[in-house]
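Structure at a glance
This is what each chain is made of:
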Amino acid sequence: MRGSFLYAVITGLVFLGMTGPASARDGQSDYYGALGAKSEGRSQDAFGLYDRACSGGYLAGCMGAAGMLADGDGIAKDQTRARQYFQTACNGQHKVACNWLGDMLLAGEGGAVDEAGARALYARGCSLGHAASCVEGGELIEFGKGGPKSVPDALNAYRKGCESGDPRGCNLVGVLLESDAGGADMAAARGYFEQACQGAYYNGCANFGKYLQNGTGGPKDAVRAREVYRMGCGRIITNLSSCYRLGAILLTQEGGPRELFKGADALEKVCTSQQPGHRTFKANACYTLGAMFENEFSDADPALAVDFYAMACAYGHTGERCGG
């Protein structure tokens with residue numbers, strides 16, 4: 001996924017050093033000149049220097065020019081030309097350029113949608129060690145977009161992404177491994193979910209916690225499941241799966257004492273979330289909160305139970321309070 005240009009500079013530069021040819025040295029000088037011009041608000045000058053750096057073989061200049069064109073950053077937006085600069089950088093083995101160009105082809109930015117082209121670019125980025133390219137390419141392979149569908153090849157791509165440091169790839173390996181198509185290897189899936197969670201990919205925490213809670217693929221450990229769910233739920237970007245499972249387990253004595261208020265808090269995050277999707281989790285969370293405020297928190301505002309039930313019904317719950 002295309003991100004900030006500064007991130008690309010930090011993580012993905014393949015550039016020619018000062019001991020290289022004169023054109024490379026000049027390209028580096030032009031590139032730093034472009035950075036200075038940009039910081040002073042001289043966007044046209046910055047673009048011209050990026051372009052000259054790119055022509056001199058300094059790939060960071062290609063990335064700078066492409067980024068300005070792709071986003072219309074101080075100059076006229078021209079995604080078709082941006083593709084060309086990204087292609088130059090990718091041809092020079094700039095792994096981030098291959099990924100970002102793949103994103104553009106997949107989204108139809110600057111030209112027609114080209115799933116086959118994007119798939120090839122992600123494969124190239126992956127071969128150069130770009131973890132996200134491995135994962136994004138794996139998704140195209142898994143679902144047969146831009147080429148043949150192949151679960152084994154998708155698994156390999158996800159594994160490469162995981163091994164290169166993308167925890168989302170670890171989670172996707174687990175998802176495939178637990179499926180019949182992936183061999184239904186629950187023990188292996190459990191290990192990958194744990195790795196995803198440890199890498200701060202919180203869907204992985206929801207999955208790993210579920211395996212711990214149910215004893216899937218290894219020993220049952222509800223105590224640890226609670227802690228894993230807390231990891232997934234207690235972050236700035238709330239993972240609704242983790243929060244739902246945390247709320248549900250805290251309302252029981254599984255893995256520890258009942259923690260009604262903390263459980264209700266976790267479920268409220270799910271019920272009131274503006275994140276798209278997760279309608280079943282939202283419906284169940286809201287309905288449970290309605291029952292809690294009707295019964296166990298009956299001294300609180302009685303209107304809250306009615307409100308939570310109404311939200312549950314709106315999300316499609318079919319319980320008694322929704323006419324079921």
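Preceding block: the structure.
Okay, so let's go over this structure.

1. A word on the packing of helix α6 (residues 95–107) against helix α8 (residues 131–142)
Two packed helices can be described by the angle between their axes and the distance between those axes. Orientation of α6 relative to α8, taken along the N-to-C sense of each, is 30 degrees, at an axis distance of 10 Å. It follows that α6 is roughly parallel to α8 by the angle criterion. Helix-helix and strand crossings are classified by hand; for α6 and α8 the assignment is left-handed. Contacts between α6 and α8 involve Lys95, Asn99, Asp103 and Leu106 from the first element and Ala132, Ser133, Glu136 and Leu140 from the second. Of the residues that constitute the contact of α6 with α8, the class distribution is 3 nonpolar, 2 polar and 3 charged.

2. Side note on the state of the cysteines
Applying the stated criterion to the full structure yields 8 disulfides. Shown here is the disulfide that connects cysteine 162 with cysteine 170, its sulfur atoms set 2.0 Å apart. A torsion of 90 degrees about the S-S bond marks the disulfide between cysteine 162 and cysteine 170 as right-handed. The same class applies to cysteine 162 and to cysteine 170, which are both buried.

3. Structural notes on the packing of helix α15 (residues 260–271) against helix α16 (residues 279–294)
In the contact formed by α15 and α16, the axes pass within 8 Å of each other and the chain directions differ by 140 degrees. Comparing the axis directions of α15 and α16 gives the class oblique. The crossing of α15 and α16 is left-handed. Residues Leu260, Ala264, Leu267, Glu268, Val270 and Cys271 of α15 form the contact with α16, whose own contacting residues are Phe281, Lys282, Ala285, Cys286, Thr288, Leu289 and Met292.

4. Details of the environment of serine 179
Its place among the elements puts serine 179 in the loop between α10 (167–177) and α11 (186–198). It is 9.4 Å that separates the C-alpha atoms of serine 179 and alanine 189, two residues lying 10 residues apart in sequence. Here the side chain of serine 179 touches leucine 176 through a polar contact of 2.6 Å, landing on its backbone oxygen.

5. Quick word on the environment of glutamine 87
Topologically, glutamine 87 is positioned in helix α5 (residues 79–91). Along the chain, glutamine 87 and cysteine 98 lie 11 residues apart, while their C-alpha atoms are 7.1 Å from each other.

6. Notes on the pattern of salt bridges
Tallied over the entire structure, the rule returns 13 salt bridges. Note that arginine 42 is salt-bridged to aspartate 45, the shortest N-O span being 2.9 Å. Overall, arginine 42 belongs to the partly exposed group, its relative accessible area being 36%. When the shortest N-O distance is used, the salt bridge between glutamate 294 and arginine 321 registers 2.2 Å. Taken together, the positions of glutamate 294 in helix α16 and arginine 321 in the segment after α17 (302–314) put the pair 27 residues apart, joining distant regions of the chain. Via salt bridges that share partners, Arg226, Glu227, Arg230, Glu259 and Lys262 belong to a single interconnected network.

7. Focus: the side chain of arginine 83
Mapped onto the elements of the fold, arginine 83 is located in helix α5. Of the buried charged residues, arginine 83 lacks a salt bridge, with aspartate 114 as the closest side chain of opposite charge at 6.1 Å. Residues in contact with arginine 83, not counting those within four places in the same chain, are Leu101, Met104, Leu105, Gly108, Glu109, Gly110, Gly111 and Ala112.

8. Focus on the packing of aromatic side chains
Taken as a whole, this structure holds 11 aromatic pairs when the rule is applied. For the ring pair phenylalanine 193 and tyrosine 211, a centre distance of 5.3 Å and an interplane angle of 75 degrees mean the geometry is edge-to-face. Taken together, the residues span a long stretch of sequence, with phenylalanine 193 in helix α11 and tyrosine 211 in helix α12 (residues 202–214) at a distance of 18 residues. Judged by relative accessible area, which is 0%, phenylalanine 193 ranks as buried. A ring pair is formed by phenylalanine 261 and phenylalanine 297, whose centres lie 5.2 Å apart and whose planes are at 5 degrees; its orientation type is stacked. Of this pair, phenylalanine 261 sits in helix α15 while phenylalanine 297 sits in the loop between α16 and α17; the two residues are 36 residues apart in sequence, bridging distant segments of the chain. Through a chain of ring-to-ring contacts, the aromatic side chains of Tyr31, Tyr32, Tyr50 and Tyr58 assemble into a single cluster.

9. Notes on the side chain of asparagine 239
Tracing the sequence through the fold places asparagine 239 in the loop between α13 (222–233) and α14 (240–250). Given the relative accessible area of 9%, asparagine 239 is considered buried. Polar side-chain contacts of asparagine 239 include one of 2.7 Å to the side chain of asparagine 203. Here serine 242 takes part through its backbone nitrogen, which lies 2.9 Å from a polar atom of the side chain of asparagine 239. With residues up to four places along the chain from it excluded, the contact list for asparagine 239 reads Tyr202, Asn203, Ala206 and Gly232.

10. Here's the deal with the nonpolar core
Core analysis: the largest hydrophobic core is formed by 49 residues, its most contacted members being Tyr158 and Leu289. With 7 residues, the single largest contributor to this core is α16. Residues contacting leucine 289, with those up to four places away along its chain left out, are Ala264, Leu267, Glu268, Cys271 and Phe308.

Rules used in this analysis
- Residues numbered from 1 in each chain as written.
- Predicted model: local features only at pLDDT ≥ 70, side-chain atom pairs only at ≥ 80, totals over all residues.
- Heavy atoms only, no water.
- Axes fitted to C-alpha atoms, helices over the stretch in contact; angles between N-to-C directions.
- Helix = DSSP H or I, 4+ residues; strand = E, 2+ residues; numbered from the N terminus.
- Parallel < 35°, antiparallel > 145°, perpendicular 65-115°, else oblique.
- Left-handed = near helix turned anticlockwise from the far one by under 90°.
- Contact = heavy atoms within 4.5 Å.
- Nonpolar A, V, L, I, M, F, W, Y, C, P; charged D, E, K, R; others polar.
- Disulfide = S-S within 2.5 Å.
- Buried < 20%, exposed > 50% of the residue type's maximum accessible area, 1.4 Å probe, protein only.
- Polar contact = N/O pair within 3.5 Å; in protein donor to acceptor, adjacent residues only side chain to side chain.
- Salt bridge = Lys/Arg side-chain N within 4 Å of Asp/Glu carboxyl O.
- Lys, Arg positive; Asp, Glu negative; His and termini not counted.
- Phe/Tyr/Trp six-rings, centres within 6.5 Å; stacked < 30°, edge-to-face > 60°.
- Core = buried A, V, L, I, M, F, W, Y, C linked by side-chain atoms within 4.5 Å.

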